[in-house]
Amino acid sequence: MIQTWRLDTVGQTLVLASHDSRMACVTYWGARLPDGEDLTALAEASVLDVTGGMLDANPDLSICPDARHTFPGQPGLVLHDQNGAQVLPDFRLSDAQQTDTALTLTYADPALGVRYTARFVVHAKTGILEAQSHLQCDHPMRLHWLAAPVMPAPQLADEMIDFTGRWIGEFQPNHTPWTAGIRLRDNRTGRTGHEHFPALILPCRGATNTGGEAYALHYGWSGGHRMIAEELSDGRRQVQFGHAGGTELAPATEFTSAKLYAVYSASGLNGCAVAFQRHLRDHVVQWPDPDRPRPVHYNCWEAIYFDHDLDALTAIADRAAALGAERFVLDDGWFGLRDDDTTSLGDWQIDRRKWPDGFTPLIDHIHGLGMRFGLWFEPEMVSMDSDLARAHPDWILGLPDQIEGRQQRVLDMARAEVRDYLFDAIAAILSAYDIDYIKWDHNRVLPTPDAAQARGFYALLDRLRAAFPKVEIESCSSGGGRIDFGVLERTHRVWLSDSNDAVERLRMQHEAALFLPLAVTGSHVGPRKCHTSGRMIDIRFRAWVAAQRHMGFEMDPRELTDEEGRVLTEVTTWWKANRDWMATADILRLDSADASVMAELQLARDGAQFVVFAGKATTGAQTVPRPLRLCGLDPAARYRIALVNRADAKGLSRGHQMIKSAALELSGQFLMSHGLTLPWDFPETMWVVKGDRL
């Protein structure tokens, strides 16, 4: 007997089938099927043949592959009893509940007292499929591995793309060919990590940013993930995501995976990107005030570091406000005896040496300038030189002889008393002062990975958000070390990288746009000489790269020349004039024929306008730029095309191109088929083109 189920979005269909009440298999995931498709026939058509050297029947590649029945690949569940003996459930379907948008399948092994539930939810407005698994046991068990519902990988994918990185070098794509065997990532850092963004993209043969079929998955978890991409000897392929292996340290009766977000696209990688961007912005993030425009940030870290002085900060605030800043964030150094990074983490009381009257004088000044005020915390961390560590050494996670990171250790967030202390300390500050923003940092990996740490972090965030629902929170972790949909269910912005180098940011923002929209991606104009790369970068390039995302400043604005101040003010003014539609726009990565150019098109949701950012990171191989083909436009429509920063054209750009002096009117078909020919320019420059449908 075959039981089948089907879920649809506008562009994709997911079909599952269960043979004789066994664990369901995904028998189809791809372009939307006709409404009358015979799902039983589809399941029958998917059965593999058997030949020499094989078992007499093929073990199911199910949503939870089963080691009990000789599955030759990696199982979806590895479970032991409290004595260490392996538990191999014989799951049989016990219940199925379906609506138009959700499917819940429950399997049980009554003899062992174990139940497995897989839940699938489709979101029509975003095209995202969510999948999550849950395990219940009558008696405490030890879990080594529980995958979210397992998805098949396409046969026409020749490679897979996942992401590595490092501090100040996040979102570096890895292109790995599919071969028989396993591609395994097991993130043991205890956080999402610079090194292990929890996602996988599966482009089918010939797919580009703008065309072809592609599949993509993201695991929304902040405690370190495990990913298995496996091809069996019979050619079948599976992708598993779950918590990092062995991070459930205590026996329990219930275990739950994080949500796995998945999407199929018939329009290249951009189709996946748009689905993730929209889903994150419109469904995952819970905005305190959805109608409020994203404010221009100013963060004082790279201006003053730990040297807090009221007169200096008010002077900086004056200059930042004049440039267009709307939120002022006071960074590390305001608490305990925090004069450097060796002391005082955990002592979340205002340093009265630096702030004898508290924050009131600074906040009053900032509010008088029309800006809001935000504050930095690093709640999960503790300095050994702190009152907290001296009073509660038992609250510190890990062994006494552990290697420290940034001269600090980690609090055990699984302990309720730790979370209570942190909540009370943070709530006292938020209650005493008008603070509408927290920059929440996390500057080291865990001494040992533990899923309970991430759950404790989530619990503290949830409690603070319930108590202070109007406060926005930014997720920072030495830059981009904790970016995922799990943390973004509880926060509202991410700090993509501690690098403010515009050359490096251009690439990182381009890659991160596969998942992150403008509204959540912080990007700041850094100092003239970048503090992390030493590179000297022109203010125009720095400003326009920041304007690609949620714009801010992070330098001492008093260093700016009059000309630099004028340029930054102009770019900021342009960003403010366009931010409302850009905040909900789709970011489409363009396929550039010129390897020196990294470009994107931000398209308004109604298609009425767009902006192209074409950044030139290095010298081109050819003498003048190649045409840049656009995408996502209406082929039959005509567009008014204007070069926003045409005044930046250099003297060596000597040709008589109309775009340098006037607007053009061109069809969408021409712009997508031939492309836009931009002026010549030096490396480390950006052309910005505004388009309006006529």
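Everything discussed here concerns the structure shown above.
Let me begin by describing the structure that accompanies this report. (Residues numbered from 1 in each chain as written. Predicted model: local features only at pLDDT ≥ 70, side-chain atom pairs only at ≥ 80, totals over all residues. Heavy atoms only, no water.)

Time to look at the sheet that holds strand β30 (residues 586–589). Spatial strand order, β30-β31-β32-β35-β33-β34: 6 strands in an open sheet with antiparallel pairing. Each edge of the open sheet is held by one strand with a lone partner, namely β30 and β34 (664–667). Each neighbouring strand pair of the sheet contributes to a mean axis angle of 25°, computed without reference to strand direction. Pairing geometry for β30 and strand β31 (residues 597–603), over 4 bridges, is antiparallel. Residue R589 lies in a different strand from β31, and its bridge partner there is E600. In this fold helix α11 (residues 539–546) packs onto β32 (609–616) and β35 (685–693), with an angle of close to 45° to the strand it touches most, β35. (Pairing = 2+ DSSP bridges. Helix = DSSP H or I, 4+ residues; strand = E, 2+ residues; numbered from the N terminus. Axes fitted to C-alpha atoms, helices over the stretch in contact; angles between N-to-C directions. Contact = heavy atoms within 4.5 Å.)

With 6 of 6 residues buried, strand β15 (residues 214–219) is to be regarded as a mostly interior element. Across the two faces of β15 the burial is the same, with A214, A216 and H218 and Y215, L217 and Y219 all buried. Note: strand β14 (residues 197–203) against β15, 5 bridges, orientation antiparallel. The residue of β15 that forms the bridge with L200 is L217. (Buried < 20%, exposed > 50% of the residue type's maximum accessible area, 1.4 Å probe, protein only.)

All right, on to the packing of aromatic side chains then. For the structure shown, the criterion picks out 34 aromatic pairs. Ring-pair connections join several aromatic residues into one group, and the members of that group are W334, F335, W348, W355, F359, F373, W376, F377 and Y433. Over the ring of W495 we find R505, and its NZ or CZ is 4.5 Å from the ring centre. (Phe/Tyr/Trp six-rings, centres within 6.5 Å; stacked < 30°, edge-to-face > 60°. Lys NZ or Arg CZ within 6 Å of the ring centre and 35° of its normal.)

So, about empty space enclosed by the protein. Tallied over the entire structure, the rule returns 7 cavities of 30 Å³ or more. Taken as a whole, the largest cavity encloses approximately 200 Å³ of empty space. Taken together, 20 residues make up the lining of the largest cavity; nearest its centre are V597, K616, P625, P679 and W687. Of all the secondary structure elements, the ones that give two or more residues to the lining of the largest cavity are β32 and β35. There is about 100 Å³ of room inside the second largest cavity. Taken together, 13 residues make up the lining of the second largest cavity; nearest its centre are L143, W145, L146, H243 and E248. In terms of residue count, the dominant contributor to the lining of the second largest cavity is strand β9 (residues 128–146) (4 residues). Considered class by class, the residues forming the lining of the second largest cavity number 6 nonpolar, 6 polar and 1 charged. (1 Å grid on protein atoms, 1.4 Å probe; cavity = no way out; pocket = protein on both sides within 12 Å on 5 of 7 lines; lining within 4 Å. Points joined across faces, edges and corners; volume = space filled by probe spheres on them. Nonpolar A, V, L, I, M, F, W, Y, C, P; charged D, E, K, R; others polar.)

What follows covers α11. Buried residues dominate α11, accounting for 7 of its 8 residues. Buried within α11 are the following residues: I539, F541, R542, A543, W544, V545 and A546. Tucked into the core, α11 has its buried residues touching α10 (502–512), β28 (521–525), β29 (550–553), α12 (562–582), β32 and β35. One side-chain oxygen of the residue at the start of α11 lies 2.8 Å from the amide nitrogen of R540, identifying that residue as D538. (Polar contact = N/O pair within 3.5 Å; in protein donor to acceptor, adjacent residues only side chain to side chain.)

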